Amino acid sequence: MKITAARVIVCCPGRNFVTLKIETDQGLTGVGDATLNGRELAVASYLQDHVLPCLIGRDPQQIEDIWQYLYKGAYWRRGPVTMSAIAAVDTALWDIKAKMAGMPLYQLLGGRSRTGVMVYGHATGRDIAETVDEVLRHREEGYQAIRAQSGVPGLEKVYGVSTTQRMYEPADGNLPNEHDWDSAKYLRHTPRLFEAVREAVGEDIHLLHDVHHRLSPNEAAQLGRSLEPYQLFWMEDPTPADNPQAFRLIRQHTTTPLAVGEVFNSIWDCKLLIEEQLIDYIRATVTHAGGITHLRRIADLAALYQVRTGCHGATDLSPVAMGAALHFDTWVPNFGVQEYMPHSAQMLSVFPHDWRFERGMLYCGETPGHGVDIDEKLAAKYPYQRAYLPVNRLQRDGTLWDW
Ligand code: CS2
Ligand code: MG
């Protein structure tokens, strides 16, 4: 069996997606997601100019060898651009292999470990009252796990809160928008938010919160402690994880569970956090962490230390990523939760898929492969549009801060 063609498709049905499609001489095709929010064309070029010429003529069945070839062979290892490109190839090859086997991907990985995938939805509001309403609305829709974010009094724009529309889209500028930040205001406000949310929603719903890398380790420890009465499922990215040792301090002071890893692209980013049991959930994804082949290694390492998965699932990951993630989640023994930020109908129309949402759970389909394709004709109607993630500055003096 041989790879005969491979194409990178960049489209913008409401937001940018980079998709790789691989064709074989047996007529089977596979697709993978390579979207790197705000830096999409870098991955498209990495694939187009450097990876695709090496793929033509190779045997698509040799997933492991191709993974090693792209990883070790480039000499320049790791990094989000490289690992997203490798991920797209890897995901497309697993799709092809599962189609060859006539099986849904989760069967090839080792079979079903659960009936469905618990997801968490996003409840966001401009203030506490709005967020409480959104949490209750999610509960009505059947969600068992809900992430709560709200505007912070005295701050113009904060992470996760859209001021204009209900659907939050982080890459919202033709040039980077500027947000303002004040850790003290946020630290005062957030326990109040969770007090109100917990009071309204009761004890049975899992509550999550994303700090988006904005606190110092000491502040993160303070926040974790002040949230303990509200029994969070997790507190996400409380401080940047560039220096994983920073989490030792947080861990010493709070039992609020921690989730990290949406910006990780390699097992080496995760290693210390997992081995020292400094986190409870690892958020690496199929798309940014080297595909099914590499994410599986991360999950296996995590399992040794009772760390569970909580794959990133924002809308900048395409429906292809969601399809692959759901097969992974259906199999992985140490599953925790899957993020679910629904794509718009326009986005979904470009990616025919067989997964479905029902009362707080996502279910992968049973069609061979990962169950997601791309409608290339429709995709061509939505050309790339430059979009950036925002930057964040301290309100006090404009110092550029973590976003
Ligand atoms: C986020 C993302 O989903 C999350 O937890 O942190 O919205 C993140 O900001 C975007 O995926 C960035 O591309
Ligand atoms: Mg996050």
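Quick caveat, the model's predicted, so the values are computed rather than measured.

*Asks:* It is not clear to me how the environment of T367 should be interpreted in this structure. Could you clarify?
*Replies:* Structurally, T367 can be placed in the loop between β14 (361–363) and α13 (376–380). Here T367 falls in the partly exposed class, since its relative accessible area comes to 39%. The spatial distance from the C-alpha of T367 to the C-alpha of D354 is 7.5 Å, given a sequence separation of 13 residues. Ignoring sequence-local partners within four residues, the contact set of T367 consists of M103, P104 and D354. A polar side-chain atom of T367 sits 2.5 Å from a polar atom in the side chain of D354.

*Asks:* Could you clarify how one ought to interpret the packing of helix α2 (residues 63–73) against helix α3 (residues 80–101) in this entry?
*Replies:* Each packed pair of helices is defined by two parameters, the angle between the axes and the distance between the axes. Remark: α2 packs on α3, axes separated minimally by 10 Å, with the N-to-C direction vectors making an angle of 170°. One way to sum up the angle between α2 and α3 is to call them roughly antiparallel. Here I63, I66, W67, L70 and Y71 of α2 lie close against α3, whose contacting residues are M83, I86, V89, D90, L93, W94 and K97. Each residue belonging to the contact of α2 with α3 can be placed in one class, and the counts come to 10 nonpolar, no polar and two charged.

*Asks:* It is not clear to me how the sheet that holds strand β2 (residues 17–24) should be interpreted in this structure. Could you clarify?
*Replies:* Pairing between sheet strands relies on hydrogen bonds along the backbone, with the strands arranged either parallel or antiparallel. Strand order in the open sheet formed by three strands is β1-β2-β3, with antiparallel pairing between adjacent strands. Every other strand in the sheet has two partners, leaving β1 (3–11) and β3 (29–33) as the edge strands with one partner each. Strand-to-strand twist across the sheet, computed as the mean angle between neighbouring axes with direction ignored, equals 20°. One ladder, built from five bridges, connects β2 with β3; its direction is antiparallel. Opposite L20, over in β3, you have G32 as the bridge partner. Contacts from α3 reach β1, β2 and β3, with the element oriented near 145° to β3. Sitting on the sheet, helix α11 (residues 319–331) is in contact with β2 and β3, with an inclination near 100° to β3.

*Asks:* Even after reading the chapter, I still don't get the sheet that holds strand β6 (residues 178–181), so can you show me in this structure?
*Replies:* Read from one edge to the other, the open sheet built from three strands follows the order β6-β15-β16, with strand pairing classed as mixed. Every other strand in the sheet has two partners, leaving β6 and β16 (400–401) as the edge strands with one partner each. Pairing of β6 with strand β15 (residues 391–394) involves four bridges; the strand directions are parallel. Opposite D180, over in β15, you have R393 as the bridge partner.

*Asks:* Quick question: what am I supposed to make of the layout of surface pockets here?
*Replies:* Think of a ball as big as a water molecule: rolled over the atoms, this probe shows where empty space is left. Its boundaries defined by the atoms lining it, the largest pocket holds a volume of some 1,000 Å³. In terms of lining residues, the largest pocket is bounded by 39 residues, among which H213, E262, V263, L389 and W403 are the most central. Classifying every residue of the lining of the largest pocket by side-chain character gives 20 nonpolar, nine polar and 10 charged. Both domains that meet at the lining of the largest pocket, namely domain 1 (3–104) and domain 2 (109–367), each give it at least three residues.

*Asks:* Teacher, can you tell me more about the packing of aromatic side chains here?
*Replies:* To describe a pair of aromatic rings, one takes the distance between the centres and the angle between the planes. Enumeration according to the criterion identifies 12 aromatic pairs in this entry. Seen from their ring centres, Y75 and W76 are 4.9 Å apart, and the 70° between their planes marks the pair as edge-to-face. W76 carries the same exposure label as Y75, and that label is exposed. Where W234 meets Y281, the ring centres are 5.2 Å apart and the plane angle is 55°; that geometry is what we call tilted. Of this pair, W234 sits in strand β8 (residues 234–236) while Y281 sits in strand β10 (residues 281–282), placing them 47 residues apart in sequence. For Y281, a relative accessible area of 6% gives the class buried. Here the aromatic residues Y120, F233, W234 and Y281 are joined through ring pairs into a cluster of three or more. Cation over ring: R15 sits above F17, and NZ or CZ is 5.8 Å from the ring centre. Positioned above the aromatic ring of Y69 is the side chain of R58, whose terminal nitrogen or guanidinium carbon lies 3.9 Å from the ring centre.

*Asks:* Could you clarify how one ought to interpret the domain arrangement of the protein chain in this entry?
*Replies:* Many structure descriptions define interface size as the accessible area lost when the parts assemble. As assigned here, the protein chain comprises domain 1 (3–104) and domain 2 (109–367). The distance between the C-alpha centroids of domain 1 and domain 2 comes to 26 Å. Listed per partner, the contact involves 30 residues of domain 1 and 36 residues of domain 2. Both faces combined, the contact of domain 1 with domain 2 buries some 2,400 Å², and carbon together with sulfur accounts for 60% of it. Considering only the side of domain 1, the residues that lose the most area to domain 2 are P13, D33 and P104, jointly responsible for 22% of the buried surface there. At the surface where domain 1 touches domain 2, the tally comes to two salt bridges. Close ionic contact of D269 with R78 constitutes a salt bridge, the shortest N to O distance being 3.2 Å. Viewed at the interface, domain 2 and domain 1 are joined by 11 residue pairs in polar contact (both at pLDDT 80 or more). Among the secondary structure elements, those contributing two or more residues to the side of domain 1 that touches domain 2 are β2, β3, α2 and α3.

Procedures and definitions
Residues numbered from 1 in each chain as written. Chains lettered and ligands numbered in written order. Predicted model: local features only at pLDDT ≥ 70, side-chain atom pairs only at ≥ 80, totals over all residues. Heavy atoms only, no water. Helix = DSSP H or I, 4+ residues; strand = E, 2+ residues; numbered from the N terminus. Buried < 20%, exposed > 50% of the residue type's maximum accessible area, 1.4 Å probe, protein only. Contact = heavy atoms within 4.5 Å. Polar contact = N/O pair within 3.5 Å; in protein donor to acceptor, adjacent residues only side chain to side chain. Axes fitted to C-alpha atoms, helices over the stretch in contact; angles between N-to-C directions. Parallel < 35°, antiparallel > 145°, perpendicular 65-115°, else oblique. Nonpolar A, V, L, I, M, F, W, Y, C, P; charged D, E, K, R; others polar. Pairing = 2+ DSSP bridges. 1 Å grid on protein atoms, 1.4 Å probe; cavity = no way out; pocket = protein on both sides within 12 Å on 5 of 7 lines; lining within 4 Å. Points joined across faces, edges and corners; volume = space filled by probe spheres on them. Domains from an automatic or database assignment. Phe/Tyr/Trp six-rings, centres within 6.5 Å; stacked < 30°, edge-to-face > 60°. Lys NZ or Arg CZ within 6 Å of the ring centre and 35° of its normal. Buried area = accessible area lost by both parts, 1.4 Å probe. Salt bridge = Lys/Arg side-chain N within 4 Å of Asp/Glu carboxyl O.

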